[in-house]
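# Structural overview
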Amino acid sequence: MNVTKDVQIIEAATMPYNFAGSAIAQGRDIGQINRLSSWKPTAFEPLWLLLSGATDPPKYIYISDRRTRHIPGVSSGTFLPGVNRDLTNVEDAVGTKLFNTVKDLYLTKSAALEHITKLFEKCKSKMFKPMLYYTGHGEIGTGNWCFADGTISIQEIFNMVPVGMYYPMVFSDACYSGHWANFCLHKDIAGFHCLAACPEYSTAIDTKVAAVVSFIMASREILEDLIERLTSQLKLTKATLQSTREELRDLKESLQIQEREHKRVVREMVAMTENESKLVGERDSAREAAKKAWEKVAEMEARGEFGKRNIKEQSASPMRMKPEKFSGSGNDTD
């Protein structure tokens, strides 16, 4: 019998149910892998290592299977589908920031430590923030990660951190992982945090409605994006409407100015038309008077009065003498 393990099991059964959760400040999106870009767990350039635990750890490692919430005592399914789903979800979330994904159902502790060491070396040389994710069994009483030949504790990971590297952020998706969050809280070191899947004396729970929840979360994101797009379109429409109203107001003012100008031009045209009519009347009167005068002259010529009048006018005019030429000597010369 392993006395230490038995004590841990008894301790786990008798300790009060304290929620550990995460060692970092919680927010609306914290812990939702599909919203990783929203809650941004670090301000530094991250580099992720994803590890999966062994399917069947040694018998001396006490573990508890994840259970469904709706059927107590019934396993939520095989180990592999859950691990595959977890790794795929995180891979999709981290994208190009992935250093490596290690999925080995028989992964040993030494192999896991070697992968963690390589991550730390890379992060130290490139000044990246190490992001360490684990999905698999968690040891009862410690939350330690379980592998084919042993476990890895948060203390071991802490001791591995090289000088000159950012402290790692740990994501423990395992039963009893709250122990790891508490460890980070007690250390109280800036940048050294653990996001735990459950409190320290609880198992990580899978639900039968996980797919439905995922669908609802995805639908929520779609609706939020749709609302955001519609809000942007509404703002754009309002701005366009305001601009159109201003243009219509300017157009109305311009039309009013043109209308006043049109009325002025019409008044001037009416005045010019009236003046033109007056001038035409005067012209016609002058033409009529000239016509009558010519007719009278023609009548006088026909009666011979016009020639007699000319003779009388010539006889009544004084005779003009042509001046004689003279010279200074008094002699006329031709």
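Up top is the structure.
The structure reproduced in this document is the subject of the present report. Small disclaimer: the values here were computed from a predicted structure and weren't measured.

This paragraph deals with the nonpolar core. L51, L132 and W145 are the most contacted members of the largest nonpolar core, which totals 30 residues. Those elements that provide at least two residues to this core are β1 (46-52), α4 (109-126), β3 (129-135), β4 (145-147), α5 (154-160) and α6 (178-187). Broken down by element, this core gets its largest block of residues, five residues, from α4. When sequence neighbours within four positions are dropped, the list of residues in contact with L132 reads L49, L51, I116, L119, W145, I157, M169, V170 and F171. V83, M131, F171 and L195 belong to the second largest nonpolar core, which has 11 residues in total.

Attention shifts here to the side chain of S177. Within the secondary structure layout, S177 lies in the loop between β6 (169-173) and α6. S177 sits in the buried class, given a relative accessible area of 0%. For S177, the side chain forms a polar contact with the main-chain nitrogen of C198, separated by 3.4 Å. Discounting chain neighbours no more than four positions away, the residues touching S177 are G143, S172, A196, A197, C198 and P199.

Counting buried residues along β1, seven of its seven residues qualify, which places the element largely inside the surrounding structure. Every second residue of β1 is oriented toward a common face, with P46, W48, L50 and S52 on one face and L47, L49 and L51 on the other, all of them buried. By the bridge criterion, seven bridges tie β1 to β3 in an arrangement that is parallel. Considered in β3, the bridge of S52 is made with T135.

Quick notes on the rules
Residues numbered from 1 in each chain as written. Predicted model: local features only at pLDDT ≥ 70, side-chain atom pairs only at ≥ 80, totals over all residues. Heavy atoms only, no water. Core = buried A, V, L, I, M, F, W, Y, C linked by side-chain atoms within 4.5 Å. Buried < 20%, exposed > 50% of the residue type's maximum accessible area, 1.4 Å probe, protein only. Helix = DSSP H or I, 4+ residues; strand = E, 2+ residues; numbered from the N terminus. Contact = heavy atoms within 4.5 Å. Polar contact = N/O pair within 3.5 Å; in protein donor to acceptor, adjacent residues only side chain to side chain. Pairing = 2+ DSSP bridges.

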